[in-house]
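Now for the letters of each chain:
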Amino acid sequence: MPDLIKVAKFGGTSMADLEAMRRCAKIVAADHDKKVIVVSATSGTTNMLTHIFNSSSESERTSFLKQIQERHITLAHELETDGALVTKVEKILEDLERAVDALEAESMVERDHLLSFGERLSSVIFAEVLNELTGDVIWLDAREVIITDDFHGSAEPHISKLAEKAEEKIIPIIKKNRIVSQGFIGSTEDGVTTTLGRGGSDYSAALFAEAIEADVLEIWTDVTAIYSTDPRIVSDARPITEITFDEAAELSTFGAKVLHPATLKPAIRKIVKVYVGSSIHPDKPGTWIVKQTRENPVIRAISLRRDQTLITIHSLDMLHRFGYLARIFEILAKYKISVDLVTTSEVSVSLTLDTGAQSVNQSSSVNRAIEELRTFSDVRLEKGLTLIALVGNKLHATAGLSGPVFGELQNINIRLICHGASSHNLCFLVDERDAEGVVRVLHKKFITEKVKTATT
Ligand code: ADP
Ligand code: ASP
Ligand code: MG
């Protein structure tokens, strides 16, 4: 067995083309300890598969299908192997074509089946690319290990079953070989394909790491590190060298796309250290996510999550009555609706929903829940909001924090504030048109200028 066991995950842009795949293969080949490699679909493929599922136009479906076929067949040919890879890829593409022909609208089971093709295609190709360098690669169908419930579109893994499967199907193999498998996909105990939610390959990799008790989980992506905010919004965002599990979990929950929000759950359970680095510039320093960091700033990073809905439930009948909140949350639980922020007054409750992350099925459950809430309350919906989160340490116990934060935002209408429940975040909602400006102002004041003062 190697000294350390590492699980490495490469995202969609890292799988973009043969050149990108070869860069990733070099990163893996340079380190004997990287034993399980988890890959995403080639960039844009899952989006195209989603369009196929959502589109009712035959010609649009065919056009996306053609693009996916051409892209993967070209990759297989470019590799110039003995033809075995082309045959494998063609076989998967034939299955994909059959899946598209048989599609029925609104079936989440079929949606998961369809979306699984992206990772199935990229992983067979990447296995070949890596094998050219290392000669020790075994391709594994993730659905043999990642056993989940049947909540299609956002399935939950059965942790103890994963460990059993890993014991049987991974541990014996990685004594001598490396495994290439797929992110994002799993299967129910009955063998029906499921997916873990968009961006779920990070989560898959963490589940693999937990199941085999890996020492390190590496997330290789298109940015060099986790930054103090999305570098696409703030050009002088700073790379973070070290961040705690708690902070990184808050950051990803509140919108930092660099990690799927559930990724750190398995890592925290097994205390697997997590590294985030760039597959384009692997030598540039990345971010270590660890249990404890040497420095613990009050504000380490700022994230933003778009497409939020604020629901305000109001009922005068509820004045001085008990059980109002319980009744509301019972209804939300019945429809499996996950709520993020909550504030209450005597007769009103406001809560936020992550509309952007909802599947078609989930949004129809929300509609049914709202109808039921309307039987005893007024319910008001506000859409087009963005949630902004300041993430760091002891935010709940830092005197004089909210004054300067909200002082910077005097001309902004802040719809809801949540402060105090977590020591690691302060969140609020603003209109989506104001959101990026707010992030820039706060980043300048609390991160860029803080660093400048500390270094002068
Ligand atoms: P992958 O395909 O490798 O999974 P993603 O596109 O899912 O990559 O995630 C990487 C992207 O996350 C970056 O390109 C960046 O724009 C975005 N991002 C959002 N917030 C942050 C942040 N705080 N630090 C780094 N990247 C971030
Ligand atoms: N391919 C999937 C998606 O685009 C999973 C992932 O990339 O993490 O959502
Ligand atoms: Mg991702």
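Residues numbered from 1 in each chain as written. Chains lettered and ligands numbered in written order. Predicted model: local features only at pLDDT ≥ 70, side-chain atom pairs only at ≥ 80, totals over all residues. Heavy atoms only, no water.

Caption draft 1: A look at the pairing of strand S9 (residues 273-278). Most of S9 sits out of view: five of its six residues are buried. Of the pairings in the sheet, the one linking strand S7 (residues 216-221) to S9 comprises six bridges and is parallel in character. Looking across to S9, one finds that Thr-221 is bridged to Ser-278. Bridge count between S9 and strand S10 (residues 287-290): three bridges; the pairing is antiparallel. Considered in S10, the bridge of Val-276 is made with Thr-287. (Buried < 20%, exposed > 50% of the residue type's maximum accessible area, 1.4 Å probe, protein only. Helix = DSSP H or I, 4+ residues; strand = E, 2+ residues; numbered from the N terminus. Pairing = 2+ DSSP bridges.)

Caption draft 2: Representation of the environment of Thr-13 within the structure. Following the sequence through the fold, Thr-13 ends up in the loop between strand S1 (6-10) and helix H1 (18-29). Along the chain, Thr-13 and Arg-23 lie ten residues apart, while their C-alpha atoms are 11 Å from each other. The residues touching Thr-13, leaving out its near neighbours within four places in the chain, are Ala-20, Ser-43 and Asp-222. (Contact = heavy atoms within 4.5 Å.)

Caption draft 3: Summary view of the side chain of Thr-309. You can see Thr-309 is positioned in strand S11 (residues 299-314). In terms of polar contacts, Thr-309 uses its side chain to reach the side chain of Thr-355, at 2.4 Å. Sequence-distant contacts of Thr-309, that is, excluding residues within four places in its chain, are made with Leu-351, Thr-352, Leu-353, Thr-355, Leu-381, Glu-382 and Lys-383. (Polar contact = N/O pair within 3.5 Å; in protein donor to acceptor, adjacent residues only side chain to side chain.)

Caption draft 4: Region of interest: the site of ligand 1. Thr-221, Asp-222, Tyr-227, Asp-230 and Arg-232 are the nearest of the 17 residues found near ligand 1. Within the side chain of Arg-232, a nitrogen or oxygen atom sits 2.8 Å from an oxygen atom of ligand 1. Calculation on ligand 1 without its partners gives an accessible area of 570 Å², and the protein chains cover 90% of this total. (Near = heavy atom within 4 Å. Areas by Shrake-Rupley, 256 points an atom, 1.4 Å probe, with all protein chains shown as cover.)

Caption draft 5: Fine view of the site of ligand 2. Taken together, Ser-40, Ala-41, Thr-46, Glu-119, Phe-184, Arg-198, Gly-199, Gly-200 and Ser-201 make up the full set of residues near ligand 2. One nitrogen or oxygen atom from the side chain of Arg-198 is found 2.6 Å from an oxygen atom belonging to ligand 2. Within the backbone of Gly-200, an N or O atom sits 3.4 Å from an oxygen atom of ligand 2. Compared with its free state, where it exposes 260 Å², ligand 2 has 86% of that area covered by protein.

Caption draft 6: Summary view of the packing of aromatic side chains. Counted under the stated rule, the structure contains five aromatic pairs. When the ring of Phe-406 is compared with that of Phe-428, the centres are 5.4 Å apart and the planes differ by 70 degrees; the resulting orientation is edge-to-face. Residue Phe-406 is located in helix H13 (residues 402-407), and its partner Phe-428 is located in strand S16 (residues 425-431); the two are separated by 22 residues in the primary sequence. One aromatic cluster is present, built from ring pairs that chain together Phe-10, Phe-126, Trp-220, Tyr-275 and Trp-288. Over the ring of Phe-117 we find Arg-120; its NZ or CZ atom is 4.1 Å from the centre of that ring. Seen from the ring of Trp-288, Lys-273 lies directly overhead, with NZ or CZ sitting 4.9 Å from the centre. (Phe/Tyr/Trp six-rings, centres within 6.5 Å; stacked < 30°, edge-to-face > 60°. Lys NZ or Arg CZ within 6 Å of the ring centre and 35° of its normal.)

Caption draft 7: Highlighting the pattern of salt bridges. Under the criterion given, the structure shown has 28 salt bridges. One salt bridge in this structure joins Glu-189 and Lys-161, with 3.1 Å as the shortest N-O distance. In this pair, Glu-189 sits in the loop between strand S5 (185-187) and strand S6 (193-195) while Lys-161 sits in helix H6 (residues 159-169), placing the two residues 28 residues apart along the sequence. With its nearest N and O atoms 2.4 Å apart, the salt bridge here joins Arg-306 to Glu-436. Of the two residues, Arg-306 sits in strand S11 while Glu-436 sits in helix H14 (residues 432-455), which places them 130 residues apart along the sequence. You can call Arg-306 partly exposed: its relative accessible area is 43%. (Salt bridge = Lys/Arg side-chain N within 4 Å of Asp/Glu carboxyl O.)

Caption draft 8: Up close: a nonpolar patch on the surface. A cluster of nonpolar residues, Leu-325, Phe-329 and Val-342, forms a patch on the protein surface that exposes about 210 Å² of accessible area. Examined against the element boundaries, Phe-329 turns out to sit in helix H11 (residues 324-334). (Patch = residues over 30% accessible without salt bridge, like charges linked within 9 Å, V, L, I, M, F, W, Y side chains within 5 Å.)

Caption draft 9: Just the sheet that holds S9, in detail. Overall, mixed pairing links the eight strands, which are arranged S3-S4-S2-S1-S7-S9-S10-S8 in an open sheet. Here the strands that pair on one side only, and so sit at the sheet edges, are strand S3 (137-139) and strand S8 (242-244). When strand polarity is set aside, the average angle formed by the axes of neighbouring strands in this sheet is 20 degrees. On the sheet, helix H9 (residues 245-253) packs against S8, S9 and S10 and is oriented at approximately 85 degrees with respect to S8. (Axes fitted to C-alpha atoms, helices over the stretch in contact; angles between N-to-C directions.)

Caption draft 10: Molecular detail of the pairing of strand S4 (residues 178-182). The element S4 is largely enclosed, with a buried count of five among its five residues. Covered by surrounding structure in S4 are Arg-178, Val-180 and Gln-182 together with Ile-179 and Ser-181, the residues of both alternating faces. As defined by bridge partners, strand S2 (residues 34-39) adjoins S4 across four bridges and the pair is classed as parallel. Its bridge partner lying in S4, Val-38 is registered against Ser-181. Across three bridges, S3 lies against S4 in parallel orientation. By the bridge assignment, Trp-139 is partnered in S4 with Val-180.

Caption draft 11: Representation of a negative patch on the surface within the structure. Together, Glu-58, Glu-90, Glu-94, Glu-97 and Asp-101 give the surface a local cluster of negative charge. A total of four residues in the negative patch trace back to one element, the largest contributor, which is helix H4 (residues 84-101). Within the fold, Glu-58 resides in helix H3 (residues 58-78). (Lys, Arg positive; Asp, Glu negative; His and termini not counted. Charge placed at Lys NZ, Arg CZ, Asp CG, Glu CD.)

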